[in-house]
Protein chains: 12
Amino acid sequence: MQQQTKILVMNGPNLNMLGTREPGIYGHLTLADIEAKCRSAAKASNLAIDFMQANAEGTLIDTIHDACNKFDWIIINAAGLTHTSVALRDALALFPGDVIEVHISNTHAREEFRHKSLITAISKGVVAGFGVSSYTMAISAVADITNAGA
Amino acid sequence: MQQQTKILVMNGPNLNMLGTREPGIYGHLTLADIEAKCRSAAKASNLAIDFMQANAEGTLIDTIHDACNKFDWIIINAAGLTHTSVALRDALALFPGDVIEVHISNTHAREEFRHKSLITAISKGVVAGFGVSSYTMAISAVADITNAGA
Amino acid sequence: MQQQTKILVMNGPNLNMLGTREPGIYGHLTLADIEAKCRSAAKASNLAIDFMQANAEGTLIDTIHDACNKFDWIIINAAGLTHTSVALRDALALFPGDVIEVHISNTHAREEFRHKSLITAISKGVVAGFGVSSYTMAISAVADITNAGA
Amino acid sequence: MQQQTKILVMNGPNLNMLGTREPGIYGHLTLADIEAKCRSAAKASNLAIDFMQANAEGTLIDTIHDACNKFDWIIINAAGLTHTSVALRDALALFPGDVIEVHISNTHAREEFRHKSLITAISKGVVAGFGVSSYTMAISAVADITNAGA
Amino acid sequence: MQQQTKILVMNGPNLNMLGTREPGIYGHLTLADIEAKCRSAAKASNLAIDFMQANAEGTLIDTIHDACNKFDWIIINAAGLTHTSVALRDALALFPGDVIEVHISNTHAREEFRHKSLITAISKGVVAGFGVSSYTMAISAVADITNAGA
Amino acid sequence: MQQQTKILVMNGPNLNMLGTREPGIYGHLTLADIEAKCRSAAKASNLAIDFMQANAEGTLIDTIHDACNKFDWIIINAAGLTHTSVALRDALALFPGDVIEVHISNTHAREEFRHKSLITAISKGVVAGFGVSSYTMAISAVADITNAGA
Amino acid sequence: MQQQTKILVMNGPNLNMLGTREPGIYGHLTLADIEAKCRSAAKASNLAIDFMQANAEGTLIDTIHDACNKFDWIIINAAGLTHTSVALRDALALFPGDVIEVHISNTHAREEFRHKSLITAISKGVVAGFGVSSYTMAISAVADITNAGA
Amino acid sequence: MQQQTKILVMNGPNLNMLGTREPGIYGHLTLADIEAKCRSAAKASNLAIDFMQANAEGTLIDTIHDACNKFDWIIINAAGLTHTSVALRDALALFPGDVIEVHISNTHAREEFRHKSLITAISKGVVAGFGVSSYTMAISAVADITNAGA
Amino acid sequence: MQQQTKILVMNGPNLNMLGTREPGIYGHLTLADIEAKCRSAAKASNLAIDFMQANAEGTLIDTIHDACNKFDWIIINAAGLTHTSVALRDALALFPGDVIEVHISNTHAREEFRHKSLITAISKGVVAGFGVSSYTMAISAVADITNAGA
Amino acid sequence: MQQQTKILVMNGPNLNMLGTREPGIYGHLTLADIEAKCRSAAKASNLAIDFMQANAEGTLIDTIHDACNKFDWIIINAAGLTHTSVALRDALALFPGDVIEVHISNTHAREEFRHKSLITAISKGVVAGFGVSSYTMAISAVADITNAGA
Amino acid sequence: MQQQTKILVMNGPNLNMLGTREPGIYGHLTLADIEAKCRSAAKASNLAIDFMQANAEGTLIDTIHDACNKFDWIIINAAGLTHTSVALRDALALFPGDVIEVHISNTHAREEFRHKSLITAISKGVVAGFGVSSYTMAISAVADITNAGA
Amino acid sequence: MQQQTKILVMNGPNLNMLGTREPGIYGHLTLADIEAKCRSAAKASNLAIDFMQANAEGTLIDTIHDACNKFDWIIINAAGLTHTSVALRDALALFPGDVIEVHISNTHAREEFRHKSLITAISKGVVAGFGVSSYTMAISAVADITNAGA
């Protein structure tokens, strides 16, 4: 019997405040709503999933290290760290599985300093601008690619 | 009875050559394969779809003008024009529906001049790096968003 | 009897859509309205005029080549190609008459990438920001300069 | 009875020397000639006009402040201050009427440091490169726009 | 019997006007003269040759696609598109044979924006500045390299 | 009875070491001295105040989240994070009250990399260069603005 | 008996128009209101004060020279000259007392060209964004520092 | 009896994963191996040594503060924080002893964003590219310099 | 009898304060001392000389205009305006005689923003760094060149 | 009897090591092989030729000075000095004959710092990327141009 | 019997003047002192060593060429050529052994133009800032690496 | 009896060709003429002088080292090395006397790459643009300064 593909969905700083922050940009969904939709999408595709959020760069890095032997994919919305953290990039680069970068808003349509991502170059792909669907689209991509390779 | 949402999938220069070009980057799928998968994904989500490719910027712009009254969404892989064509951007900006930018490869992991997209700022979102799945993920996003708004 | 001075008014990509596109920036006039006003202004100044629009860079270049023996002036609103097309600039540079660059909106008050024009340096002058009047002001300039030299 | 539209034509540093300075670039007209042509053009369009020149930035700013309650339009050739004076820009920005930027020569075809204008972004439009006609074209634009709005 | 090596000589926008345009830079030769000299040089080296010119980027790309199965080498003078067209670069990159970039004038001794070529990096080599001889030198290079490898 | 306005004074990395570090730049005051002066200034203006310091970006972000429902103003000396932390900026941007940026030294008179602040653009104002007075001046500003609005 | 500390408050171009100009940015206070509040704040702290405004850079420089032997502090809102005038900076640098830079609005949250100040590096400190309170906060700072040194 | 010189060896984010990460760049040694070699080198030179690693910037800063009274030297491999952390730089700058920057790989031969170090300017020296020997070379340097000064 | 060559020595903002300002950079000489030395050097070389200083850009420009018919050479120390004033440059460019740029200090050894001179390109030559001798060296140069041409 | 055209072929630093250095880039030919092929090509075209190599910039400059009266053309592969030596450029600029720049590899397809050539702007033309053929193509160009002008 | 590893220590321009030049930066040691310490360190590690200095780039390049068959390692302090010489970099790149870059001072803590090294990218590692110990640390590194590989 | 002040006049690459090279820029004087005028000027001011020229950077550096104990001043026209040689700058920086930078032409009015001088920052002053007089003016400056200090 084939083992379930395991995905870790990671969320960076301030995403715990979703639903309270600039709804014009991020919508009214909370992070709990996003987790629920991710779990439901994963279940529908028969994928195992875990979900976490942290405001501290160090905690995110610890989590990635810990994920190395436990997960096949990381889907990450690194929020503000996307643009500044070489340490986070290095942590993701040593993760043996694949990484997908997601963003709720279209970061390239916002301030100049949000146009550069340190994470994109070590990711398999990017999904940005679709609200919570950015996450579920990434989960579908894992399902597609896993099935294609099965 | 509600009318079907209509999507136009557009492909820019050189994508007609897919399957022959740098398979290390783009894979072995041909554009016909992509079209077939797009049509099948649209059908599954009960979306109407059309699909086109052109090497000429002018033809792409004519097509967008013509699409204004006929389609609700444009999903576009503008290929090399992504990085250079203000005229294409202007055409997409006047399209009354929403635009999704897709790329087969992760353009930000390639040459420097492929990091800047003139199209992103006027798009709803971006999907890049998932091969043909970039297209079907975009189609799923249309289905999600359309249903959410229904 | 002196021969009439002949002007070709050229319009670049997306200008055929005028009146439908971002009226906050471009107003409600259509390209047909602009053509009518140009013809009327030319007639009032006893100037011969022709008027064209194309979305394709190649067609614009062909038209300029063809105009070399037929027109004395080119008034051009190159739209999005203004900022990107060295080929169009080269075509205008080999036109033996004079070139006037016009823009409906004040391009320098818009996005950064619209601040650089490849055409200005090979033009006699620029008129920008006056809506359809940008065109008729350019036609008046031709009349003034032609009379001054008569 | 409708009141006449009132235009103030302002000229920045060194323009009092016109006719003596680099005639290859600026022609042989003096500032007095330009004033005469402006007055004649204004009269023909039934516009009230005043005309001034100063070499000092402070005097130009004082004049703009004073013009706030007396004029409907400012047509300004700010000469060398075009490229360097934030203070002049700020003065023009608080003028309640509209501003038109004019230049005798095509500044974008000259030295690199003349390509950037601090004034363009707060102007309605720009006319550059037509010699004295740059001024009279701007006056015509005022007439056109005023009549259109009448 | 060994098959003849086949070369396609491609010419970009405005080169059809050669002989009329800025003779100080490009000389008095027409494109027909260049074609004649290329055919004669190819014949002398027992190489098959074809020769084309187009003003439209899309047509050049179509031609390159079509050349993939018909020619062993492309010698291209992309003119103004040299500096701006990622799409043309991508088309040349997928051509299975080798590419040689040629220029009539020494582009690096002209305007700053002509110093960057998007084509050089995917070309085998560059020949620039020798007038029509740039083309015949490229043809000789094909002959040399083909013989060396024979 | 009107409720007291509540201010949270936040201090970023290394400020716990004040009094030991480069006294030429920062003076001999310790953070405890600054806290005492802030509490005394707040009391004098009848403002409630809290005061904290952390070396970890994550802790600062957690504190801001927690402050959303408890404080009306944040006065922050983000120290080295001022110049690098998009995540901290995002946390401050979602704080529903106003933010004041303070610095002990005049950061613009120091190293180049201290000239750019990511926090200024989302702050109401900035006070820099007055030593501990930078803090008490910010507290006075809160008192002034609150009274003006009362 | 100790002599009163003497402050000169200086205001640069266009600040005489306060109250008429972009109230969204600068509020409805006039410069006379600001002067009144400054005088009142100075009196409360037992500081001597003078207050001036000029649109001309030369007048501001003359005033600074004259202030060298008459004042202990200069508080300056250099307005548009902040970003462009090396001459004003040099004048302030030779003033033997201390300089405080003030701004009514948060200049770093406005146009890019307002982010650079030539004056900051030679000032003791900066206060920006607090409306008229920026001035009175600076006066408080003088009182604090003077008392601390008394 | 002279007191032993005390060195703290600090390691930044992801270095706990050494031996698992990109062995082509970093080799197969684990951090425990490095610690062992450092302890052995220190012992040979009669130097006291401590060794730590943390993924969190805040923890590293806390550790530096704590080291101020306990150690004479810090040898630090700040990993990804080298290029981004002003806060870490500030912490090291207030350490009263000397700092040596070490890197396992030659960071200047890697990605562009690894070429800039915020730490170098406040370090006594740098050792990069020698694998674990970078650390032991730094320890030798401490021994040399301490003996020279003894 | 040959007419005496006439030199105008011009001094820009803040130079009236020489002798009081940063003597480490400018020395203890006053502007009156410099004038005396210039007059004495001119007399020794049988040159007519005049000497002026102004803090206002406009006054300097007026003076240059007035000098057009009265002087053969301008020797100018434009001080802070050297780096910022296009208007002053334009005034000097229309002066029919030759211009020599002088500086008391070596401006290229000072702040970055003092490295660029807008005046150099339209000057015959530059003398910088020799204190008051910069002026007398320039006067000698006029004498040399005038005699050579006599 | 017409005199033979004389060419000097010059080679810059490290080219004496050809055949040993990075054969993937430069091939296995030695400089002696290149000299032989050049001599043979020159003989075939009835051109006189000389050939030299030096590692020292000063020697190359001396050689160019000496060549002024002895040669009609210089063909130069300046190797690493191409990108850095203004002195070599100046030497070539004063050579009264024409200069051709050659490179064995396609320098624009290599490191960024090899993209800028200080020599191109003062050369008649450039040949790069064809291995030893770059040299013989340049010799052919001399033959073509000489015959055309004969 | 295993052959001794052979190291060439190379020193670039001006290092022959050590001990006379800016002792605040470089200390009082002469190059002869450094040579003595290097020889002694090499002897202690049973390594063969040679030591040279030259002011001429060409001589350094000649020496590297000559070293190709005679030495296993080059330790080089290229001094001012570090930042400017592509030719020296190319020479070191073709050396078949490994290269170590050393600097006496911490170049990254000095002028901006000393921050970029053309040599680092082709070196195994860098040691900078430790005075003469930079050299002996590099020699230890050779000993370590050679033994590790033995 | 006071000893004569000793000046070494140094000339960099290509200056030996003066009189043959671009007379429009450099005039018709030869280097021998310049030497004669320098010797005569020095004699008139009772200064000892020596004069040299070299095309090789290394020779210039050797000469500067040798001059350390023999000359009080160096006057140097470093020609093309002015803009590129850190090594030459370093040599001049260790010269214990003062350095004067001279240029025959006004380098800031020529190509962009001639605007930056690496030598200015370590020179006492600069004289540029006065032809051979640049040298004699520098010699006068030495005389002035020496006498002033006598």
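Residues numbered from 1 in each chain as written. Chains lettered and ligands numbered in written order. Predicted model: local features only at pLDDT ≥ 70, side-chain atom pairs only at ≥ 80, totals over all residues. Heavy atoms only, no water.

**Let's talk about the overall build of chain A**
Now for step 1: A tally of regular secondary structure across chain A gives five helices and five strands.
Now for step 2: Along chain A, helices and strands appear, N-terminal first, in the series β-α-α-β-α-β-α-β-β-α.
Now for step 3: The C-alpha radius of gyration of chain A comes to 14 Å, within 12% of the 15 Å expected for a compact globule of 150 residues.
Now for step 4: Within the span of chain A, comprising 150 residues, buried residues form 60% of the whole.
Now for step 5: Once local pairs closer than 6 in sequence are excluded, the contacts in chain A between residues at least 24 apart make up 77%.
Now for step 6: Accessible surface, chain A as shown: approximately 5,500 Å² in total, 49% of it carbon and sulfur. (Helix = DSSP H or I, 4+ residues; strand = E, 2+ residues; numbered from the N terminus. Rg over C-alpha atoms; globule rule 2.2 N^0.38 Å. Buried < 20%, exposed > 50% of the residue type's maximum accessible area, 1.4 Å probe, protein only. Contact = heavy atoms within 4.5 Å. Areas by Shrake-Rupley, 256 points an atom, 1.4 Å probe, with all protein chains shown as cover.)

**A closer look at the side chain of J:Ser105**
Residue and element names in this part refer to chain J.
Now for step 1: Mapped onto the fold, Ser105 is located in the loop between strand E4 (98–103) and strand E5 (125–128).
Now for step 2: By relative accessible area, Ser105 is classed as buried at 8%.
Now for step 3: A polar side-chain atom of Ser105 sits 3.3 Å from a polar atom in the side chain of Arg110. (Polar contact = N/O pair within 3.5 Å; in protein donor to acceptor, adjacent residues only side chain to side chain.)

**A closer look at the sheet that holds strand E4 (residues 98–103) of chain A**
Now for step 1: Within the open sheet, the 10 strands sit side by side as E2(A)-E1(A)-E3(A)-E4(A)-E5(A)-E5(B)-E4(B)-E3(B)-E1(B)-E2(B). Their pairing is mixed. Sheet topology places strand E2 (48–53) of chain A together with strand E2 (48–53) of chain B at the edges, where each strand pairs with a single neighbour. Strand-to-strand twist across the sheet, computed as the mean angle between neighbouring axes with direction ignored, equals 20 degrees.
Now for step 2: Note: strand E3 (residues 73–77) of chain B against strand E4 (residues 98–103) of chain B, four bridges, orientation parallel. Note on E4(B): the bridge partner recorded for B:Ile75 is B:Ile100. (Pairing = 2+ DSSP bridges. Axes fitted to C-alpha atoms, helices over the stretch in contact; angles between N-to-C directions.)

**Points about the interface of chain B and chain A**
Now for step 1: At the interface, 21 residues of chain B touch 21 residues of chain A.
Now for step 2: Summed over both partners, the interface of chain B with chain A buries about 1,600 Å², with 60% contributed by carbon and sulfur atoms.
Now for step 3: Seen at the junction of chain B and chain A, the total is zero salt bridges.
Now for step 4: Linking chain B with chain A are eight residue pairs in polar contact (both at pLDDT 80 or more).
Now for step 5: Listing elements by their share of the side of chain B that touches chain A, those giving two or more residues are strand E5 (125–128) and helix H5 (133–149) of chain B.
Now for step 6: Residue composition of the side of chain B that touches chain A, by class: 11 nonpolar, eight polar and two charged.
Now for step 7: Pairing between strand E5 (residues 125–128) of chain A and E5(B): three bridges, direction antiparallel. Considered in E5(B), the bridge of A:Ala128 is made with B:Val126. (Buried area = accessible area lost by both parts, 1.4 Å probe. Salt bridge = Lys/Arg side-chain N within 4 Å of Asp/Glu carboxyl O. Nonpolar A, V, L, I, M, F, W, Y, C, P; charged D, E, K, R; others polar.)

**Details of the relation of the copies chain B and chain A**
Now for step 1: Once chain B has been moved 0.0 Å along the axis and rotated by 180 degrees, it coincides with chain A to within an RMSD of 0.0 Å. In the structure described here, the two chain copies are related by an operation that fits a two-fold rotation axis. Residues of chain B ranked by C-alpha distance from the rotation axis are headed by B:Val127, positioned 2.3 Å from it.
Now for step 2: Both copies present the same face, since 100% of the interface residues in chain B are matched by interface residues at the equivalent positions in chain A. (Least-squares fit on C-alpha atoms with pLDDT ≥ 70 in both.)

**Quick word on the relation of the copies chain G and chain D**
Now for step 1: Under the fitted operation, chain G is carried onto chain D by 0.0 Å of movement along the axis and a turn of 120 degrees, and the coordinates agree to an RMSD of 0.0 Å. Both copies of the chain, as the preceding transformation shows, are related through a three-fold rotation axis. For chain G, the residue whose C-alpha comes nearest the rotation axis is G:Thr84, separated from it by 4.1 Å.
Now for step 2: Of the residues that chain G buries at the interface, just 12% are likewise interface residues in chain D, meaning the two copies contact each other through different surfaces.

**Notes on the arrangement of the chains**
Now for step 1: At the level of C-alpha atoms, the two units chain B and chain F stay apart, their nearest approach being 20 Å.
Now for step 2: The smallest C-alpha distance separating chain B from chain I is 30 Å, and no contact links them.

**Points about helix H2 (residues 31–44) of chain F**
Residues and elements named next belong to chain F.
Now for step 1: With 14 residues, H2 extends 20 Å between its outermost C-alpha atoms, agreeing within 8% with the 20 Å of an ideal straight helix rising 1.5 Å per residue.
Now for step 2: Among the residues of H2, those classed as buried are Leu31, Ile34, Cys38, Ala41 and Ala42. With its buried residues spanning 100 degrees around the axis, H2 presents them on a single face. Exposed residues lying more than 90 degrees from the buried face of H2 are Ala32, Lys43 and Ala44. (Expected span 1.5 Å × (residues − 1). Arc of directions from axis to C-beta.)

**Quick notes on the environment of H:Asn55**
Residues and elements named next belong to chain H.
Now for step 1: Note that Asn55 resides in the loop between strand E2 (48–53) and helix H3 (57–67).
Now for step 2: Separated by 42 residues in the primary sequence, Asn55 and Pro13 have C-alpha atoms spaced 3.8 Å apart.
Now for step 3: There is a polar contact of 3.0 Å between the side chain of Asn55 and the side chain of Gln53.

**A short note on unusual backbone geometry**
Now for step 1: Despite not being glycine, C:Ala79 has its phi angle at roughly 50 degrees, a positive value.
Now for step 2: Along the chain, C:Ala79 turns up in the loop between strand E3 (73–77) and helix H4 (86–94).
Now for step 3: Taking the relative accessible area as the measure of exposure, C:Ala79 reaches 14% and is therefore buried.
Now for step 4: Residues other than glycine seldom take positive phi values, yet G:Asn46 does so here, at roughly 60 degrees.

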